[in-house]
Structure formats: structure tokens, C-alpha cells
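Examination of the molecular architecture
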Amino acid sequence: MVRDAGNPLPSEPLVDPSSPAAQAVDGSVASVANEPEVLVRIRGLSFRRGSRVIFDDLDLDIRRGSVTAVMGPSGTGKTTLLKLITGQLRPDAGRIEVDGEDVHRLDKSGLFRLRRRMGMLFQSGALLTDLTVFENVAYPLREHTDLRPSLLRKLVLLKLEAVGLRGARDLMPNELSGGMARRVALARAIALDPMMILYDEPFAGQDPISMGMLVSLIRQLNDAAGLTSVLVSHDVRETASIADDLYVISEGRVIAHGTPAELAADPSEEVRQFMDGLPDGPMHFHYPAPDLADDLRTRGGR
Amino acid sequence: MATRHTIEVTVGAFMALGFLALFFLAMQISNLSLDSTAEGYRLTARFANVGSIKVRAPVTVAGVRVGRVESLSFDKTTYEAVVTLRIDAGIDTLPEDTFANVFTSGLLGEQYIGLEPGGSQDYLRDGDEIVHTQSALVLEQMIGQFLFKKAGESG
Amino acid sequence: MRLESLARLGRGGLGALERLGRAHLLLFAIVLGVGEILRRPRLLTAQIFNIGVLSLLIVGVSGLFVGMVLGLQGYYVLAQFGAAQSLGVMVATSLVRELGPVVTALLVAGRAGSALTAEIGLMKATEQLSGLEMMAVDPVRRILTPRFYGGVIAMPLLAAIFSAVGVLGGYFVGVGLLGVDEGAFWSQMQAKVDFDDVMDGIVKSLVFGVIVTWIALFEGYDTVPTSEGVSRSTTRSVVHAALVVLGVDFVLTALMFGG
């Protein structure tokens, strides 16, 4: 809460529009803006939580059929971005189009129709805890289709097979490990054969084996089913290994955009810091605060 | 985890029990009679003073409830209270010269209207008025009269 | 400094008003979701089970004891006026008009309301509600509406059971133990208790059913999605439900029996 106005924020150079990184981004966005294969088009997105600015005039494109990763340090609002794309949150300004439809102009039924074509994988899996694995995967099918029970069963088993958990169909969600729960959630997300899947931190807190499984699973699903995948993560190595397109967000703006190879070669300091995981650089370890010595000298208050 | 069938059976039993309890409350406790007070016929009676009679106070004959007070109003020309009684339809043999009193059940109990049948062969019908009435006994007035009389005797 | 505390008061007032507004919007959405339970009556059955059947034991036992205590206490007071025969009237009137609806509402708030808040709050904290939304399922209609109507249906039935069991408890104590005349017990009760009293009790418990489930669902739905937030919401759900029930009971009693 203590934000001294007189204290220069360490991040100010980042949001300076004259910086080379920002110009590079603007240029690249302009080049893809008119391509028809853009599935998600974000223009001028601004969003704030209280007085905290999460996004400030953000532009972003997601190409159809690609695996697009959005990366950035913790707290840059990556999950918020997914919630904005799916219409769970409303932006303060700007426009988000998914498959040509302005998400925040849709009425409730229109939004729900659109969401049937989107799957989202939550960090926690978000499985319904009072239903078995099978019922969880069957849930969207029962909800939105009128399939015969035998056909429904076949579909569910196929989806579970795709994530390698056909044998776990009778378990309850609390009997699953974190990685298994996420894979079940993935099976549920693809149950309705969506056009796009959004992954919220799919690799966070996974052991190396299930991490590797998820990485290959995401890529396979994307290519086999012709999906578009949006991936939000801060695990640089895993993300870079499967993404076609990478966006790095910091301080509410896109600071870099390109293929993993392009970003790996990007000379700019903040991209280097993030991609290489350097502890200090343009992005600071400390949350913005007044000078430590001044702060310690101040009496009373907190 | 109870199965779906068990849940449905127990919910059914629960609802049956609930309705049974409601039925018990209606029949056994409040004695909801099927010839409800909405039926029957109306009589009016004029009193110089009705005491603390309330709407829905009982109307009794020989101590048995035969109806209820339906409404109370004030006649501004005669300065009397006009009480409308609703008498159960089955009680259709009240003589024309029936006497209406305002009684109190016990010393401190609620007030009710007691009817004393007269000897006439003609019966009261819907809309008729009970001519013979006696007002409520007001405790303060009685004590006042008693003291006044005592004073007169001794003086 | 004084201005600051005034500002804090204003902030608190505005915040409370905003919560109240959100609670009403939520109630509106919940009530309008009635079509969902017509389409899937099983959802409602499951919630009547959760709220009604699972509260049956505590409601029944409490009703029995409250009735027995009323029988004992009432007898000692009434016997002093030589009116022990009116025991049935006293027991039945206090149960049907007041204790049945009110105590049942308090018990349900503690037994089922807190469970509802915790359940919804945890569903929110574990992103299950967002998950449903992403599956294009409206969590208000699917999760909250059946619970609301389940509570509203179960409450009057539970209150009726409470009152009926309570009257029987008073009967056991009064007639069985203390020797009140059985005929007088029932006949006085039947003469003095109106069906209107029973109806008023039912109306009260319907209103309480709305209040208790509404508060429980709103607290859960509006919770801060952390373990501390859920625990605070659960406490608040019970406390607020109890206070609102008692306050509304006063207003309803004044309206029903005052005129």
C-alpha cells in the first residue's frame, strides 16, 4: 500500500513507448493484423484491479492451429488474460474477438455458445469433487448433447484414453494426484471437441515425468485434433519446446513476441532476464517500495 | 455416498412425514373443521359497551362455540357498538328472542359472546338482529358502583 | 484524524450497501433459475435430502425436548393460577407460532446453512464454479438454485415436524408425568388454537427458509476464495442468518398478531 509518489519506479523504462522492445512489438502486431487465420484478436486491452493496472493497452493475436504461449513473471495477470478471453472478466477498455465475435458484446447465451467451443484447463483442474472421473468427463457431454448412453460411454472412454487415464475412470477426484487431475480436466476440456483450449499454468507444481507427459500431450492434441492452444506459463524451457508463438508480458504490455528461436536470440535486457532466469535485471525482485532506510526510520504506521 | 434410489426414497419419506406433521397440526391441534367459519350466516347485535371483544372472538351457546365475531363497528347516531356474528350453518334454530351477553372466561380471561336462547318459535335468519343484549361488565364501573352504594348505605 | 474515521465509516457503509445489492441480484438470478429444477428434478431431490433429511434428527430431537421443557415450565406457572388444563394451549401456541419456525430456522442455519456456505465457498476456491462456467453451464442455476428451493421446501416441513413432535413432548410431560387431564389438554388446545395460527407459522418458516438459504448461498458465492475466507464466510453465514431470522420474526409477529 505504501507507494511513494516521489520514488521512481524501477519499471518505468519498460512501459516507455519509445523503447525498442515496444516498437518491435507494435511492428510485428501490425504485420499479422490482417491475416484471416487469426482466431483471437486482442486490441487496446486495458484492465485494472482497484488502482493496480494489470493490462495497459495490450495488443495480442493468436493464430488458428498454433500453440501460442503467453509468458511473464508471476503477477503479470496471465490468468486474468485467459479470464478476459473467455468472458469471465470484463475489460475496462479494448476489444477481444474470438473467431470474429466480440466476446464482451455477446449476451449470456451467445457467450455460452462460444464457450462450448472453448475448453479451459484450470490450474487446479477444477474437477467436480462429488463426481467420479468418468462422470466429470461425461458432464459437458450430458449437459450439451443428447447422446445415447452407449455412445456417450464410448466417447468418454476415448477421451480418457487420449490422456492415458481410461483405467482411472471410477476414481473420485480426491484420489487423484495433481498431474492426474490435470489430465482428467484436459479430457473434460476436449470432450466437446472445442476449437480452442486455454491452459492456465499447466506445468506448475508438476514432477518432471508428468510435466513431460503434459508437454507432449498438449502438442499432440493440438496437431491431431486441429486445435488452437493458448498456454499461459512461466516455465520457460517446457513452454518454448512446444510453442509456435511466444508472447512475453510484463507490466501490462507485450515486451516481446516471436518464435521461441527468435526470442532466444533477442538481445533486449528484459527478455534475456526472463528467458534465462536471471535473478536481477530490469525486472526487480522487490515489489515497489520506498527506500529501505527511509522506511525503517519512519515511526508509527506500518 | 447414498445411492440415487436411497436418496429419492428418503426424501419421499421425509416429505410424507412433513405433510403428516402439518396434517397433525391442522387437525389435532387447531381442530380445523371442514364447515369453516367462512360459511354459515350473519347476525348483528348492538351493545352499549362490548368491553374488549376482538374480531374472531368465540360466540357460544351453553358454553359450546357456535360461531365467531366477524366484525366490529361503531354506530355514530346511536353511539352503540355494532357486532356482526358469523354463526355456523348447522346452528339454524336460534329463537328470535335470543339474548346476547358479553362474558369473560374466568376472572382475567378473554371475552366472548354468549347467546342464551329464548322461547320463541321463530328462528333468526341471515341478516337478522339480536335485539336483547347485555353489555360487558367493566370491572372499574362495578367497583365504582359498589363503593357508591356502600357510601350511600352508611351515609 | 477525525475526518479519517468518518471516511472509514462511509466506506464501510458503502461496502455493506454494495454487498446488499449483490445479494439481491444473486437472489433474483437464483429464483429465476426455477426452470432448471423443472428440467432436472433430481437436483432438487438431492438438495431436499441434504438440507431436509439430514437435519431431521436434530430438528426432531430438539422439538421433543423443547416441547417437554415447555410442558414442565408451563405447568408450574399455570398451576399457580389454577389453569393447568390450559397447558396444551400454551405448549401448542408457543410452538406453532414462534418456537417451531424460529428454532427450526436457527437449527437449519447451523446444520445445513453452514454446510452450504462451506460447500459453495470451496467450490469457488477450487475453481469448480469457474470450471462450470467454462463448460457453458451457469453455476447459479445449476448449483445455487436447487439448493435454494431445496431449503425453502424443507424448512416448513421441518418446522411442522418440530412443532408436532414438540406438542407430543409437552403431552408426555403434562399428561403423562404431571397428571394434567388428557381431555382438557387436547380440547382446550383445539378450542384456542386457530388454523390461522398454523398458517402463520407456515408462512413464517417459508420466509425463514428463504432467508437462511439465501444468506448461506450468498456468503458461499461471495466468499474470498482462500481457506480463511471460506471459514469466515461460514461463520458469518450462521451469525447473519440467526440475527436476520430473529429480527424478521419480530416484524412478522407484529404484522400477523399485532392487528
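Residues numbered from 1 in each chain as written. Chains lettered and ligands numbered in written order. Predicted model: local features only at pLDDT ≥ 70, side-chain atom pairs only at ≥ 80, totals over all residues. Heavy atoms only, no water.

- As annotated in an unreviewed UniProt entry, chain C carries the name Intermembrane phospholipid transport system permease protein MlaE and comes from Thiobaca trueperi.
- Under Subcellular location (unreviewed entry), UniProt gives the following word-for-word description of chain C: "Cell inner membrane".
- Among the UniProt annotations of chain C, the heading Function (unreviewed entry) holds the following wording: "Part of the ABC transporter complex MlaFEDB, which is involved in a phospholipid transport pathway that maintains lipid asymmetry in the outer membrane by retrograde trafficking of phospholipids from the outer membrane to the inner membrane. Probably responsible for the translocation of the substrate across the membrane." (UniProt positions renumbered as here; feature names shortened; annotations may be inferred.)

- If you check an unreviewed UniProt entry, chain A appears there as Phospholipid/cholesterol/gamma-HCH transport system ATP-binding protein from Thiobaca trueperi.

1. Re the overall build of chain A
- Counting its regular elements, chain A contains 12 helices and 10 strands.
- Put simply, chain A has 302 residues, and 50% of those count as buried.
- In the form shown here, chain A has an accessible surface area of approximately 14800 Å², with 52% of it arising from carbon and sulfur atoms. (Helix = DSSP H or I, 4+ residues; strand = E, 2+ residues; numbered from the N terminus. Buried < 20%, exposed > 50% of the residue type's maximum accessible area, 1.4 Å probe, protein only. Areas by Shrake-Rupley, 256 points an atom, 1.4 Å probe, with all protein chains shown as cover.)

2. A short note on the side chain of B:D75
Residues and elements named next belong to chain B.
- Within the secondary structure, D75 is located in strand β3 (residues 64–75).
- D75 sits in the buried class, given a relative accessible area of 16%.
- Polar side-chain contacts of D75 include one of 2.7 Å to the side chain of T77.
- With residues up to four places along the chain from it excluded, the contact list for D75 reads R46, E80 and V82. (Polar contact = N/O pair within 3.5 Å; in protein donor to acceptor, adjacent residues only side chain to side chain. Contact = heavy atoms within 4.5 Å.)

3. Section: the sheet that holds strand β7 (residues 129–130) of chain B
All names here are of chain B.
- Sheet architecture is open: eight strands sit in the order β7-β1-β4-β3-β2-β6-β5-β8, paired in mixed fashion. Edge strands, defined here as strands with exactly one partner in the open sheet, are β7 and β8 (132–134).
- When strand β5 (residues 99–104) meets β8, the two strands line up parallel, connected through three bridges. Its bridge partner lying in β8, A100 is registered against T133. (Pairing = 2+ DSSP bridges.)

4. With respect to the UniProt feature "transmembrane region" (unreviewed entry) in chain C
- As annotated in UniProt, the feature "transmembrane region" (unreviewed entry) corresponds to residues 20–38, 50–72, 148–180, 201–218 and 238–257 of chain C in the numbering used here.
- Its end C-alpha atoms 34 Å apart, residues 50–72 of chain C is made of 100% helix and 0% strand.

5. Here we look at the interface of chain B and chain C
- Counting residues at the interface gives 25 residues for chain B and 31 residues for chain C.
- Interface area, chain B with chain C, both sides summed: about 2400 Å², of which 76% is carbon and sulfur.
- On the chain B side of the interface with chain C, the three residues burying the most area are B:F14, B:L25 and B:I29, jointly 26% of the side's total.
- At the boundary of chain B with chain C, the tally comes to one salt bridge.
- Put simply, C:R42 and B:E8 hold a salt bridge, and the shortest N to O gap is 2.8 Å.
- For the pair chain B and chain C, the number of links is one residue pair in polar contact (both at pLDDT 80 or more).
- Counting residues per element, the side of chain B that touches chain C draws most heavily on helix α1 (residues 4–29) of chain B, which supplies 18 residues.
- A per-class count over the side of chain B that touches chain C returns 15 nonpolar, five polar and five charged. (Buried area = accessible area lost by both parts, 1.4 Å probe. Salt bridge = Lys/Arg side-chain N within 4 Å of Asp/Glu carboxyl O. Nonpolar A, V, L, I, M, F, W, Y, C, P; charged D, E, K, R; others polar.)

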